[in-house]
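# Commentary on secondary and tertiary structure
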Amino acid sequence: MSKIQFNKAFTQQEPIPETAKKRVMELLDSGRLHRYNTVGSELSDAALLEQDFAHYQGRKYCLACTSGGYGLHIALRAMGLQAGGQVLTNAYTLAPVPGAIHAAGGQPVLVEIDENYHLDLADLKAKAKSSHAKILLLSLMRGHIPDMDRLMALCNELGLQVLEDCAHTMGGAWGKVKSGNFGQVAAFSLQTYKHLNTGEGGLVVTDDAEIAARLIMHSGAYMLYERHGAAPAPEVFEQVRLTSANMSGRMDNIRAAIGLAQLPNLDDNCKRWNRRYSILRNAIVAVPGLAIPARDARESFVGSSLQFRPIGLDGAQIPDFMSACAAQGVELKWFGDDNPKGFTSRYDSWHYIDPMPHLPNTLRALEKTLDLRVPLTFNDEDCHLIGAVIAQVTAEFMGR
Ligand SMILES: *Cc1c(COP(=O)(O)O)cnc(C)c1O
């Protein structure tokens, strides 16, 4: 049988909406790129993005900043993390997450995940008790949302504050509650491959006025904190404005304008991702030798990426399997690779974590996990074709 070939780029984004282009040109003409370069009571694009996202998310306060990782870093500080303090976090996450803990002067305490890529609650409980951590940085890596009712009940019982890393769950929910509305604080990323694409950027939300004021001061507000779009009252700043260090990480108006123009399409885009995800998922689960963990009906995820396992193959065959898929145009990433490539997501590659724990369940869950990006520039036919390539290559390897 002839080899099926796929030819589109897995890194191709959709064009930025026309409304953004128009606004960006206006901003360029005005020269007012800095978020505090406003006249009178006008709100900058950065402030408008804060307003609109707080409204979208249903949270009182929102800060726009330079990146998701930066948002996590200052959120940890605003939540009271002290130098040397421990922070519980998922062992399966992306490098900016332990990096944010490190930047805030903290020590990551890695918690095991289970075979569904969710935090292991028994291990969370054990590590909460054996460490001095007061904060859980819950990373919803690759958009896998665990049973948030159980998780939050356990965190309440253990007295843990929760910071949600929603880089892959913007637009997602558990039950009727949006992802990012469970913890005291949540951070989102606007990096190109996330659900809003401003190139780089971050949004942090909370309902806690004092934390919001600290976030804004840390982000580099000088004493211009009144020029924010979703901030607490000026009185709240009186308590924190001289004690929160300026760690410059402001959002600029160009990025904000690009994000603002995309926000009205976010929910629609989530549906478009899920349509593509479901075609790919159905194709992959139908192939003997491939498996995808089941997802709970209460989880409203956004299928902007898909994880599957070639359980019918030997671990040693995975590099060749990936090369064969790549030769037919299908780009996969392997979370189990000993030598991280492109992105690093296996905890034992973050050598600055000391002491480095051994987490057998996490390693087992990742050992055969392959990752497929789901760009919106792919149509239904593309997704069917990708599924057919993966099926063809798997059949060939299973026969070896
Ligand atoms: C992208 C990402 C972040 C933050 O990314 P930035 O590049 O700093 O915006 C955090 N967590 C996860 C899981 C991510 O994928």
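Residues numbered from 1 in each chain as written. Predicted model: local features only at pLDDT ≥ 70, side-chain atom pairs only at ≥ 80, totals over all residues. Heavy atoms only, no water.

Right, let's get into unusual backbone geometry. In this model, Asp-354 is joined to Pro-355 through a cis peptide bond whose omega is 0°. You can see Pro-355 is positioned in the loop between strand S12 (333–334) and helix H12 (360–367). Although it is not a glycine, Tyr-117 sits at a positive phi angle of roughly 70°. At Arg-142, a position not held by glycine, the phi torsion is positive, near 55°. (Helix = DSSP H or I, 4+ residues; strand = E, 2+ residues; numbered from the N terminus.)

Moving on, we get to the domain arrangement of the protein. Interface size is commonly expressed as the accessible surface area that is lost when the partners come together. Considered domain by domain, the protein is made up of domain 1 (18–265) and domain 2 (266–398). Summarising the inter-unit geometry, the C-alpha centres of domain 1 and domain 2 are found 27 Å apart. On the side of domain 2, 38 residues touch domain 1, which itself brings 41 residues to the contact. Here domain 1 and domain 2 share an interface that buries about 3300 Å² over both sides, 56% of which is from carbon and sulfur atoms. For domain 1, the biggest contributors to the area lost against domain 2 are Tyr-117, Arg-142 and His-195; these three give 19% of the whole. Counting across the interface, domain 1 meets domain 2 through 2 salt bridges. At the boundary of domain 1 and domain 2, one finds 21 residue pairs in polar contact (both at pLDDT 80 or more). Those elements giving two or more residues to the side of domain 1 that touches domain 2 turn out to be helix H4 (96–103), strand S3 (107–111) and strand S6 (173–174). Sorting elements by how many residues they give to the side of domain 1 that touches domain 2 places S3 first, with 4 residues. Among the residues forming the side of domain 1 that touches domain 2, the class breakdown is 20 nonpolar, 13 polar and 8 charged. (Domains from an automatic or database assignment. Contact = heavy atoms within 4.5 Å. Buried area = accessible area lost by both parts, 1.4 Å probe. Salt bridge = Lys/Arg side-chain N within 4 Å of Asp/Glu carboxyl O. Polar contact = N/O pair within 3.5 Å; in protein donor to acceptor, adjacent residues only side chain to side chain. Nonpolar A, V, L, I, M, F, W, Y, C, P; charged D, E, K, R; others polar.)

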